[in-house]
Structure formats: structure tokens, C-alpha cells
Amino acid sequence: MEKDSNLASPQDDGAGEKLVDEKNGHNSKGIEVKYITPSSQNGDAKIDIENLKSAFAGMGKEELMKFASDPFWVRTRWFLFILFWLLWAAMLAGAIAIIILAPKCAPPTPREWWEQSPLYKANVATFTKDSSKLQGDLKGFTTKLEYLSSLGVKTVVLSNILKVSDKESDGVDEFKTVAPSFGTLEDLKALISAAKDKGLKLLLTLIPNHSSLKSDLFNKSASKDPLYESFYIWAPGKGFTSEGMPAPPNNWLSKSGNSAWEWNEARKEFYLHQFDKEEPEFNFRNPKVVKFFDDVMQFWLDLGFSGFYLERTKYLIEDAELRNETAKRDIGSATHTEYEFYDHFYTENNAELAPLLHDWTERLANSSGILVVDDLSVTANRSLAHLIVRPQTLEPYPIFTAEDMVTLINKNLKVNPWPAWQIEVKNEEQGSPLAQCVLLSSVLLPGVPVTLAGQELGLSNLQEIPWDNTTYPESQESDVVSQQNNPHSLYTAYKELVEARNSPQILHGSLQLHIFNGTSVLAYTRIKSGNPGYLVVFNTGTEETTVDVRQMNGVPDELTLVVTSDIDSMADKSKLMSEAVTLPSRAVAVFRFVPKAKE
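This is a predicted model, so every value here is computed, not measured. Residue positions within a chain follow its written sequence, with the count starting from 1. At least 70 in pLDDT is required for a residue's local features to be given in this predicted model, at least 80 for side-chain atom pairs to be given and counted, and no such filter applies to totals for whole chains, interfaces and linings, which use all residues. To get the side-chain values, all heavy atoms of the structure are used, and hydrogens and water are removed first.

S.K.: What exactly am I supposed to notice about a negative patch on the surface here?
M.R.: Taken together, the side chains of Asp166, Glu168, Asp276 and Glu278 present a region of like negative charge at the surface. What counts as a helix is a DSSP run of H or I of at least four residues, what counts as a strand is a run of E of at least two, and both are numbered from the N terminus. In this structure, Glu168 sits in the loop between strand 5 (162-163) and strand 6 (174-178). Here, patches come from residues exposed beyond 30% relative accessible area and free of salt bridges, joined within 9 Å for like charges and within 5 Å for nonpolar side chains (Val, Leu, Ile, Met, Phe, Trp, Tyr). The accessible surface values rely on the Shrake-Rupley method and a 1.4 Å probe; as for residues, cover is taken only from the protein chains in view. Any carboxyl oxygen of Asp or Glu that lies within 4 Å of a side-chain nitrogen of Lys or Arg is treated as forming a salt bridge with it. Residues scored as charged are limited to Lys and Arg (positive) and Asp and Glu (negative), so that His and the chain ends carry no count. Think of each charge as sitting on NZ of Lys, CZ of Arg, CG of Asp or CD of Glu.

S.K.: Help me understand the confidence of the model for the protein in this model?
M.R.: In low-pLDDT segments, the atomic positions of the prediction should not be examined closely. Confidence in the prediction for the protein averages 86 pLDDT; 84% of positions are at 70 or higher. Within the model, the stretch residues 1-30 combines pLDDT values under 50 with 16 contacts to residues more than four positions away or in other chains. Every residue gets a pLDDT, meaning the predictor's confidence in that residue, from 0 to 100. Only heavy atoms enter the contact rule, under which two residues are in contact if any of them lie within 4.5 Å.

S.K.: Mind showing me how you'd approach the packing of aromatic side chains here?
M.R.: Each aromatic ring pair is specified by the distance between its two centres and by the angle formed by the two planes. Side-chain rings of Phe, Tyr and Trp, where Trp is taken by its six-membered ring, are said to pair if the distance between their centres is within 6.5 Å; with planes under 30 degrees apart they count as stacked, over 60 as edge-to-face, and otherwise as tilted. Taken as a whole and assessed by the stated rule, the structure comprises 32 aromatic pairs. Residues Trp234 and Tyr271 carry aromatic rings whose centres are separated by 6.0 Å and whose planes lie at 75° to one another, so their mutual orientation is edge-to-face. Within this pair, whereas Trp234 is found in strand 8 (residues 234-235), its partner Tyr271 is found in strand 10 (residues 269-272), the two being separated by 37 residues in sequence. Each member of the pair, Trp234 as well as Tyr271, carries the same accessibility label: buried. Measuring from ring centre to ring centre gives 5.9 Å for Trp252 and Trp261, while their planes differ by 20°; the resulting arrangement is stacked. Exposure remark for Trp261: the relative accessible area of 3% places this residue in the buried category. Taking NZ or CZ as reference, Arg111 lies 3.6 Å from the ring centre of Trp418, over its face. Here the guanidinium or amino end of Lys144 rests over the ring plane of Trp467, the centre of that ring lying 4.3 Å away. Relative accessibility thresholds used throughout: buried, under 20% of the residue-type maximum; exposed, over 50%; partly exposed, between the two (1.4 Å probe, protein chains only). By definition, being over a ring means that NZ of Lys or CZ of Arg is both within 6 Å of the ring centre and within 35 degrees of the ring normal.

S.K.: Got a minute to help me understand the pattern of salt bridges in this structure?
M.R.: If charged atoms from side chains of opposite charge come close, those side chains can pair. Under the criterion given, the structure shown has 17 salt bridges. Of the charged contacts, one joins Lys163 and Glu174 as a salt bridge, the two residues approaching to 3.4 Å between their closest N and O atoms. One end of the pair, Lys163, is in strand 5; the other, Glu174, is in strand 6, with eleven residues separating them in the sequence. Note on Lys163: relative accessible area 27%, which makes it partly exposed. The partly exposed category is assigned to Glu174, whose relative accessible area is 35%.

S.K.: Help me understand the side chain of Thr451 in this model?
M.R.: Within the element layout of this structure, Thr451 appears in strand 19 (residues 448-452). Residue Thr451 is classed as buried on the basis of its relative accessible area of 1%. Those residues in contact with Thr451, other than ones at most four positions away along the chain, are Pro118, Leu119, Tyr120, Lys121, Leu439, Glu456 and Tyr494.

S.K.: In this structure, what is going on with the layout of surface pockets? I would like to understand it.
M.R.: Here the idea is plain: a probe the size of a water molecule rolls over the atoms and shows the empty space left. Grid points spaced at 1 Å over the protein atoms alone were grouped into cavities, where a 1.4 Å probe fits but cannot get out, and pockets, open sets with protein on both sides within 12 Å along at least five of seven lines, with lining residues defined by an atom within 4 Å of a point. Grid points are joined across faces, edges and corners, and a volume is the space filled by probe spheres set on the points. In this structure, the largest pocket encloses a volume near 1,100 Å³. If you go around the largest pocket, you meet 39 residues; those closest to its centre are Asn123, Ser159, Asp170, Glu311 and Leu462. Contributions of two or more residues to the lining of the largest pocket are made by strand 3 (119-122) and helix 4 (124-127). Element by element, the count of residues in the lining of the largest pocket is highest for helix 4, at three residues.

S.K.: Just to check I follow, could you spell out the packing of helix 9 (residues 287-303) against helix 10 (residues 353-366) for this structure?
M.R.: Angle between the axes and distance between the axes: these two values describe a pair of packed helices. Where helix 9 contacts helix 10, the axes come no closer than 12 Å and their chain directions differ by 25°. The angle between helix 9 and helix 10 places the two elements in the roughly parallel class. Read as a crossing pair, helix 9 and helix 10 show a hand that is right-handed. Side by side, helix 9 and helix 10 meet where Val290, Phe293, Asp294, Met297 and Leu301 of the first sit next to Leu356, Trp360, Arg363 and Leu364 of the second. Think of each axis as a best-fit line through the C-alpha atoms, taken over the contacting stretch in the case of a helix, with angles from 0 to 180 degrees between the N-to-C directions. Orientation labels follow simple angle bins: below 35 degrees gives roughly parallel, above 145 gives roughly antiparallel, 65 to 115 gives roughly perpendicular, and whatever is left gives oblique. A clockwise turn of the near helix away from the far one marks a right-handed crossing, whereas an anticlockwise turn of less than a right angle marks a left-handed crossing.

S.K.: It is not clear to me how the sheet that holds strand 17 (residues 420-421) should be interpreted in this structure. Could you clarify?
M.R.: Adjacent strands of a sheet pair through backbone hydrogen bonds, lying either parallel or antiparallel. If you trace the eight strands from one edge of the open sheet to the other, you get 15-14-11-7-4-3-19-17, paired in parallel fashion. The two strands at the open ends of the sheet, each matched to only one other strand, are strand 15 (387-389) and strand 17. The sheet strands contacting helix 10 are strand 11 (307-310) and strand 14 (370-374), and the helix crosses strand 14 at an angle near 145°. Between any two strands, pairing holds if DSSP finds at least two bridges.

S.K.: Mind showing me how you'd approach the side chain of Thr155 here?
M.R.: With respect to the secondary-structure elements, Thr155 resides in strand 4 (residues 155-158). What makes Thr155 buried here is its relative accessible area of 0%. Non-local contacts of Thr155, meaning those with residues more than four positions away in its chain, are made with Trp113, Trp114, Ser117, Pro118, Leu119, Tyr120, Lys201 and Leu203.

S.K.: Explain unusual backbone geometry here, please?
M.R.: The phi angle of most residues is negative, glycine excepted, and most peptide bonds adopt the trans form. With a phi angle near 65°, Lys268 is a residue other than glycine that sits in the positive phi range. Its location among the elements puts Lys268 in the loop between strand 9 (261-264) and strand 10. The phi dihedral of Asn517 falls on the positive side, at around 55°, and the residue is not glycine. Position of Asn517 among the secondary structure elements: in the loop between strand 20 (510-516) and strand 21 (521-527). Asn517 gets classed as partly exposed once you look at its relative accessible area, which sits at 48%.

Spelled out as C-alpha cells, the structure:
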């Protein structure tokens, strides 16, 4: 009979103690082996190996070191390490590529210094004149730079300060010499240096169209000096008059009337002058004349000017064949002896101006300077100059409307998205309330406003600046000191709007124009995403009116008043509801607001 037993027979030789191989990390100690008596009769027996009674303790240090130094595992670890960093680098490169290549809105091109602030034109003779001086000078102008800096303007145009023999004439004697009445070259250098310290850029007014009769250049040309013989426009007479005098070459007239030709007895020829006879015109088809003015410009650039404001630019080149002008279709009451009688196709805006001005613009740009020209015909060719200043006149009579101003604005923006704004009101003094409104309403338009010195004080053109009421007691609060201390003065309003021009919404924002109340109220907004908006409202009508400006895109229910043109009913910086903005006759109000999200 078989019995259960926990004993091994002698023949086992300890095999029962080694059923689990110790080499594989299993300790046989703690393992119970049982022989189980079968219940069947077939004689089979079962062996039951119990679970481990102790937890697996892991590999020892020596075994771990064997695996660590095994070549297979070394290669595996290096492969995985390198693979990880390759995948990381690939993900990084992918992220960078997505950032770079993903479509996005390009940031706006930063505005140049001359595009940011108004262009402030100052006549040196009147800007610093006081009761103790016959006229202003360069030293006096230097003392007023602080005023210009505090006003916020960055670009200042000095009037013509070159040497002239006749103070009533624009004809220059010497193009590289300061007029003694304004000071010396050292005075000018001191002015330029002081302006630079205050962050101001100075432009020099230059009239290259003509010289004076007393210029050495003209005298040499009249005497047919080989180097200067064709420096000016000369032409022989065309027959004789009834009095037996040489007849002019054609029917061209000067701006002041009468013939544009003057006989020179020394040379026995006529010279051309489209202005006064003391102002003979240069011949810009002569490369030597162009080279002469290249040198003149470089001289003043080297001295420290930041560019030039060219006057009478459209008259620089005339018809080479000297063809007669033709009469206008509508001559009105003008006669053939008056300038207004003719269309001036042969003496103004000649096509050959384009390459000349383009070359000068590039030359100045290469020297970090700018070229500003006046009164060219409106043109889309922006390469002719950095700025083209062409005064535009509004007709206030019999009716001055908002529609007139909108038409003017759209016309200019169609030609140039960043034009110069010099808007004048016909038959109105520059200091009139209407002119002041036009000034304030144009400061925040896209482009560069042109301000004639004193306009910010409500003064008329060329009027002397009343710096304080002791020098000009009759100024009655229009002097500089009084206006600077008055938070509701025109000066204060202008200054605040000039400061607003530095904001992104003015330099890069959109423009929306709107007309309210028939044709009497002009309104426009300047908005750029992420910035407060500006709203300008101008009542051009003769009666007080109330408008609901919520009709304009982005305008919310509440507005903050920034400046006004003397509106007593509005408190400075007060909150107003946009559904009912009330303005007196011919008044301007400027508001700031948080743009409303598009619905």
C-alpha cells in the first residue's frame, strides 16, 4: 500500500532539493513539495510545488554590471538615446517651420520720421521778430526751438535764408552763403546742432528755378563765358516791335503779367523770367546746371540739414522749342496780356521734370535726407519726391459743405495713400474760426499735415508770433504764453492732436468717412485693432446740429472727448453718448473710444 510521504528516498541524491534551478535566481528554500495520493486506481501520483514564500529580491550588483557592460545592451541604449534626441530635434524643427511658414498678417512698415509729425513751415524773418528787431534771425530762431519741441513737431522747414541783394526778391546771389541779415554760417551751424539735440529735423527752402541778376553766374553767362554761356534760358529776338525794338521769342508771360522775356543789351539776346525780371531762369537741360545744384545740395547736407523744400518746382523746365502758349477755353474776363488768359502747357510741369526730381530724391535718400517739392500737378508717381505739397482750396461761398471736404480727401488719397495736407479756405483768413476747424480736422488724416507757423495759435499767414502779452499787449490772450496756460486754447488742442499722431491707429489705422445731416457734418474714424479709436466730427454748417455717430462701424455707445474748437458746452475729457453728439456751427470735436466688436 502506498502512503503520503514528505521524505525522499536515498536514491534521490538530493534531487528533490533542486527542483528549481538556483542559477536562475530561484532559491529552493521555502518551497514545499508534496506527493499526493491519487484517488484513482491507475497508480499515477501528483507533485504539488507550492508558491514562493518569499518575494523576488531582484538581480544583484554583479549581475546588473554584466548586463550594463554587455555590448548588445550598450548599443541598444545608445540607439535609443540618439533616437530620442533626433525625434526631439525633428519636433523642434517642425514647430519652427510652422511658425515661420504659417500664413500670418505682416506687421505694418514703420513710418519714416518725415511721415509722422506735421511739416512745420517757419519764416525766419517773422517767427522770432519782436519789438526790438527789424526782423528775426538765426540766433533768435535757436531760442525758440524749445517751443517747437514742446509742440510735438519733428520736421521744421526754414524759409529761404540764402544771400540775396533784394529783400523783396527770391533771386539768390550766392547759393552757398547765408544772407547777412539772418546771421553767419556759424550761427546756422549752432542752430542745426541745437535742433538735433532736441530731436528736430531741419529742411532748407531752396528755389532752384532762378538766381538774381547780380549773381556771378548770370554775369558770366551774359558775357558768354564758355563755362556758363548756356547756364540760363537765352533766345534771340523774333523780329522787331512797332517801336523798332527786338520782339520777344514767343508769347510767354510772367506771373506778374507782361512778357516773360527781357532783353539783355550786353549779350544781345532775351533771357527768360517767369517771375520778376530780376530773376533770370536757369537752363536745367544743361548738365552743368544740374551738377551745380547737386553740389549746392550736398554742401547744405554736409552742414547738417535733413533735406530740402523746393519752391516753384513746376517751372524748372520749359518747352525746348519755345512754342507759343494757347488760350484757355474759358478765359473769363482775362485779356491776352494777363497770365490767366493762357493754358501753360509749355512752361509748367514739363515731362522732363520727372527724371530730374527722381535723381534728386534718390541722392537725398542715400544721404538720409528727404526732398519735398511744392505745387506740382497731382501725380501718382511718388518717386518724384518724398512729399509733394500742393495747397488745396475749399470754396466756402455760397455754401461750404462736408461733401466738399470728403471729395477733396478722397481725391488726394486716391493718388497717394500718405499725402501732404495743406487745406486752405478761399477768401478766409488763416486765423478765422472756419480755418481753425479745417486745421484741426486735418491733423489726424492719413498723411502729413502742413502747418504754417502761427496757424496753431490762430494767426494769419506771415503774422509775427506774439510770444507773450508784454511784447504784444493787443494780442488779447492769443499770445503763446496765454495759450500754453489755457487748456481749452487752439494751441493746446493742436498740440494734443500732434501727440495723438504717434499712436498706431493714426500711423497705420483705417479711415472711414461719413457725412451726417445732409451735407453739413463730416465725421471720420481712425481705427487699428487692439488700440483705442479716434473720431473726428466737423460741423461745417451755419447752425448747431446733433448727430448719432453710432452709424459708423466700431463706434460704441460712449465717447471720451479729447479736444474741441472752443465748444463751451463740452467739458474737457468728459464722457458723451454717441447717440447724440451736439456741435455748434462750424466747430470740431475729437473723441477717443474703445472700438465695438463687429457683429
